[in-house]
Amino acid sequence: MLAVQEPWWIVYAVLALGVGGGAVVWASRLEARTIETWRRFATDRGLRFVIDPSPWYRGKSFHLEGEVRGIAFRIEKWVVRRGKNSQVYTRLTASGPELVERELSVLPNHFGTRLAKLFAKDARPTGDEAFDAKFRVYPQGSDEPREVLHEAARAKLCELDRLDELVLRGGTVTLRWFRLERSPEKLQRAIEAAVTLFARPQVPVGH
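All figures in this text were calculated on a predicted structure; none of them were measured in a lab. Every chain is numbered on its own, with residues counted from 1 as its sequence reads. Restriction of local features to residues with pLDDT of at least 70 applies here, the model being predicted, together with a cutoff of 80 or more for giving and counting side-chain atom pairs; totals for whole chains, interfaces and linings are based on all residues. Only hydrogens and water are removed before side-chain values are computed, so all heavy atoms of the structure are retained for them.

## Structural notes on the pairing of strand β2 (residues 61–68)
And step 1. Two elements, strand β1 (residues 48–52) and β2, share five bridges in a ladder whose sense is antiparallel. Note that in β2 the partner of Val50 across the bridge is His63.
And step 2. We treat two strands as partners when DSSP finds at least two bridges between them. Per the convention used, a helix needs a DSSP run of H or I reaching at least four residues, while a strand needs a run of E reaching at least two, with both numbered from the N terminus. Alignment of β2 against strand β3 (residues 71–82), held across six bridges, turns out to be antiparallel. Within β3, the residue paired with Leu64 across the bridge is Ile75.

Given below as structure tokens:
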């Protein structure tokens, strides 16, 4: 009886290997297309594209970097590993003049965010109905969210299709969203949002 069943196990094993191998090939081709998209994006805008050294079993690691209106930035493939599981994000980091005295974070306004922050400090609204409907702001210091996230910055952030987290620390801005971004237009929007945060409107003398 066992001899009769053994060929089926072989078939199952071959099918499993085939599915697994197909997934690896598909992921590899998708990443190759993304790398080419990022390379063209960098070339078209005078930015620098770099493939970072990394062990083969971790997959390719790469980033692009440059400067816009005096603000240096870097966009990279960012992998978060938790045990045997991992998630890939796109992360943009920009550096410029100091924006906040202490950390200020912006998270999407959905049930998961509210649940995670249930026992944390309350969010502080900006007073912008469209922005507050989409995001929740958590300042750790006395920084006024509406001043830090000024009108132009809020408008740019609202244009982003996906944003899992925005963190401001001193003069550093970090945006992170799930999955590796393959759209040049969305990469451009993220850069504009980060750079706009540093473009605070000038307050007239006497105000």
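Now, onward.
## Here we look at the environment of Phe49
And step 1. Mapped onto the fold, Phe49 is located in strand β1.
And step 2. The exposure class assigned to Phe49 is buried, which follows from its relative accessible area of 16%.
And step 3. Sequence separation between Phe49 and Leu64 is 15 residues, and the spatial gap between their C-alpha atoms is 4.3 Å. Buried, partly exposed and exposed residues are distinguished by accessible area as a fraction of the type maximum, computed with a 1.4 Å probe on protein chains only: under 20%, between the cut-offs, and over 50%, respectively.

## As for the nonpolar core
And step 1. Here the nonpolar core consists of buried residues drawn from Ala, Val, Leu, Ile, Met, Phe, Trp, Tyr and Cys, with membership extended through side-chain atoms lying within 4.5 Å. Formed by 40 residues in total, the largest nonpolar core has its most connected members in Leu92, Leu149, Leu157, Leu166, Val173 and Leu175.
And step 2. For this core, the element with the most residues is helix α6 (residues 184–197), which contributes seven residues.
And step 3. Setting aside chain neighbours within four positions, we find Leu175 in contact with Thr90, Arg91, Leu92, Leu157, Leu160, Leu163, Glu165, Leu166 and Ala194. Contacts are assigned to residue pairs that have any heavy atoms within 4.5 Å of one another.

## What to know about the pattern of salt bridges
And step 1. For salt bridges, the criterion is a side-chain nitrogen of Lys or Arg within 4 Å of an Asp or Glu carboxyl oxygen. Under the definition given, this model contains 14 salt bridges.
And step 2. The salt bridge involving Glu192 is made with Lys156; its shortest N-O contact spans 3.4 Å. Residue Glu192 is located in helix α6, and its partner Lys156 is located in helix α5 (residues 151–158); the two are separated by 36 residues in the primary sequence.
And step 3. Note on Glu192: relative accessible area 28%, which makes it partly exposed.
And step 4. The closest approach of N and O atoms between Glu165 and Arg176, which form a salt bridge, is 3.9 Å. Of this pair, Glu165 sits in strand β7 (residues 165–169) while Arg176 sits in strand β8 (residues 172–178); the two residues are 11 residues apart in sequence, bridging distant segments of the chain.

## Regarding α5
And step 1. When we look at burial in α5, the residues that qualify are Ala153, Arg154 and Leu157. Along the axis of α5, the buried positions cluster into a sector of 100 degrees, meaning they face one direction only.
And step 2. In the core, the buried residues of α5 are packed alongside α3 (129–134), β6 (135–139), α4 (145–148), β7, β8 and α6. Directions are taken from the helix axis to each C-beta atom, and the arc is the one they span.

## Here's the deal with the packing of aromatic side chains
And step 1. Stacked, tilted and edge-to-face are the three classes applied to pairs of Phe, Tyr and Trp rings, where Trp contributes its six-membered ring and a pair requires centres within 6.5 Å; stacked means planes under 30 degrees apart, edge-to-face means over 60, and tilted covers the rest. According to the stated counting rule, one finds four aromatic pairs in the structure shown.
And step 2. Centre to centre, the rings of Trp38 and Phe62 are 5.2 Å apart; their planes meet at 85 degrees, and the pair counts as edge-to-face. In this pair, Trp38 is assigned in helix α1 (residues 2–44) and Phe62 in strand β2, connecting sequence segments 24 residues apart.
And step 3. Judged by its relative accessible area of 0%, Phe62 falls in the buried class.
And step 4. Each ring, one from Tyr89 and one from Phe178, has its centre 5.7 Å from the other, and the planes form 70 degrees; the classification is edge-to-face. In this pair, Tyr89 is assigned in strand β4 (residues 85–95) and Phe178 in strand β8, connecting sequence segments 89 residues apart.
And step 5. Take Tyr89: its relative accessible area is 8%, and that puts it in the buried class.
And step 6. The structure contains a cluster of three or more aromatic residues connected by ring pairs, namely Trp38, Phe49 and Phe62.

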